[in-house]
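# Close look at the chain arrangement
Listed here are the chains, written in short residue letters.
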Amino acid sequence: KHAPKLASNSYLDVKYPKGARQQIGKENATLVMLCRNSELEGALKSMRSLEDRFNRHYKYPWVFLNEVPFSDEFIEKTTLMASGKVYHELIPEEDWEAPKFINETKLQESLDSSHHIIYGSYRSYRNMCHFNSGYFYRQKRLLDYEWYFRVEPDVEYMCDFQYDPFELLRTTNKMYGFIVTFLEYENTIPTLWPTVESFMKENPDLIHPNNSLDFITTHENSLNSYIDLIPSSSDYNLCHFWSNFEIANLNFFRSEAYGRYFDYLDKSGGFYYERWGDAPVHTIGLSILLDKNQIHHFEDIGYYHAPYLSCPGSGEVRASKRCICEPRTSEKIKKPIDVDVYSCLPRWWKYGGGKRFLN
Ligand code: GDP
Ligand code: MN
């Protein structure tokens, strides 16, 4: 095939050769947003950013999820903003509300006494984290797909993608991709790590021999045997991948191993008696069950979700990918996270599957 002929006087065609403009994504993939009707404006902003930076070249479908029906206005406006197909799905009640075995009195006591914890007093937030930990990937519409890209209202992608991230993950044998990683609030997860430790003790066969436990524990271990790596006396260091951006293979979450991991955590009640976030739950699951080389750090996209900004460190990347961000700014609104003391990226570069590009 010949390269597309460019009209020498057309600025637009030089930037966007016709061939690239008409490319359609070939992966079995979808963009997914869980949100409320009241978040329509923010949902449209995120859609516009992702369509402009990536999806208008690929036209992957969007799946919207909600525990109440989407309004006509929501359906109409999001459909107009998308470049491809759009689905609006209702989450079944049993996938959203607390499981039957949760003690209502104990849950209410926890909600009433958790005002000092971020989102601690919101039942809806606990349902959301529980859903994002163990139920989103079982929604009927998502069963049609192998890959998903999680999107939230009011986020921004700072650079042109210039490639298909689903294809990149598939062809490099990855299961999961993240941008931001930093520390979780300890008071949201008092018993999460002890629960994970007993899960690991009871299921040593599920721990991947080339896991990322060194990334998420403080314990620095040079032993070769993966059994010895089970950190019976070490602590979770609170590092997690920020799950509001994730591009991943749904089959990881649908695997028997992740299912056993989620069920074990769920039965302990921590999603409701404490305020476990889906981010540490995903991260710990990925870290123990996957080969660390199956986790990818997208360092060339740039991402903003209040209050943190991640921006590619390489000036060459920023220029050629038309990024609108600076990796180090003194801006108070968009705090640069990757150079922050709470960032776990240096730890990922040292212990995770990441290799830092030299620039
Ligand atoms: P934060 O990112 O931790 O500050 O929490 P968000 O408020 O952004 O919630 C995370 C995601 O879940 C976003 O996509 C929200 O739109 C969505 N979400 C949160 N609570 C609810 C809820 O009660 N119902 C629905 N349908 N979506 C929710
Ligand atoms: Mn959010």
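Our subject is the structure listed above.
Notes on the structure in this doc start here.

Conventions used here
- Residues numbered from 1 in each chain as written.
- Chains lettered and ligands numbered in written order.
- Predicted model: local features only at pLDDT ≥ 70, side-chain atom pairs only at ≥ 80, totals over all residues.
- Heavy atoms only, no water.
- Pairing = 2+ DSSP bridges.
- Helix = DSSP H or I, 4+ residues; strand = E, 2+ residues; numbered from the N terminus.
- Patch = residues over 30% accessible without salt bridge, like charges linked within 9 Å, V, L, I, M, F, W, Y side chains within 5 Å.
- Areas by Shrake-Rupley, 256 points an atom, 1.4 Å probe, with all protein chains shown as cover.
- Salt bridge = Lys/Arg side-chain N within 4 Å of Asp/Glu carboxyl O.
- Buried < 20%, exposed > 50% of the residue type's maximum accessible area, 1.4 Å probe, protein only.
- Axes fitted to C-alpha atoms, helices over the stretch in contact; angles between N-to-C directions.
- Parallel < 35°, antiparallel > 145°, perpendicular 65-115°, else oblique.
- Left-handed = near helix turned anticlockwise from the far one by under 90°.
- Contact = heavy atoms within 4.5 Å.
- Donors = N, O, S within 2.8 Å, 3.2 Å for Na, K, Ca; no water.

## Here we look at the sheet that holds strand S12 (residues 308-310)
- Strand order across the open sheet formed by 4 strands is S5-S11-S12-S13, with mixed pairing between neighbours. In this open sheet, the two edge strands, each paired with only one partner strand, are strand S5 (156-157) and strand S13 (335-336).
- Relative to strand S11 (residues 303-305), S5 runs antiparallel, the two sharing 2 bridges. The partner of Glu 156 across the bridge, within S11, is Tyr 304.

## Quick notes on a nonpolar patch on the surface
- Taken together, Ile 118, Tyr 119, Tyr 122 and Tyr 185 make up a surface patch of nonpolar side chains, about 440 Å² in accessible area.
- Checked against the element boundaries, Tyr 185 lands in the loop between strand S7 (181-183) and helix H9 (192-202).
- Residue Tyr 185 is classed as partly exposed on the basis of its relative accessible area of 47%.

## Here we look at the packing of H9 against helix H13 (residues 256-268)
- The N-to-C vectors of H9 and H13 enclose an angle of 130°; their axes lie 10 Å apart at closest approach. Between H9 and H13, the interaxial angle falls into the category oblique. For the pair H9 and H13, the sense of crossing is right-handed. Contacts between H9 and H13 involve Leu 192, Thr 195, Val 196, Ser 198, Phe 199 and Glu 202 from the former and Arg 260, Tyr 261, Tyr 264, Leu 265 and Ser 268 from the latter.

## Brief notes about the sheet that holds strand S9 (residues 246-249)
- Spatially, S3-S2-S1-S4-S9-S6-S10 is the arrangement adopted by the 7 strands of the open sheet, whose pairing is mixed. Each edge of the open sheet carries a strand with a single partner, namely strand S3 (86-90) and strand S10 (295-297). When the angles between neighbouring strand axes are averaged without regard to direction, this sheet yields 20°.
- Where strand S1 (residues 29-34) lies against strand S2 (residues 62-66), 4 bridges are found, and the strand directions are parallel. What sits directly across from Leu 34, in S2, is Leu 65.
- Most of the contacts of helix H4 (residues 72-81) go to S3, to which it runs at about 150°, and overall it touches S2 and S3.

## Let's talk about the coordination of the manganese ion (ligand 2)
- Surrounding the manganese ion (ligand 2) are the protein donor atoms Glu 152 (OE) and His 305 (NE2), which sit 2.0 to 2.2 Å from the metal. Note that Glu 152 is positioned in the loop between strand S4 (147-150) and S5 and His 305 in strand S11, a separation of 153 residues in sequence. Each member of the pair, Glu 152 as well as His 305, is classed as buried.

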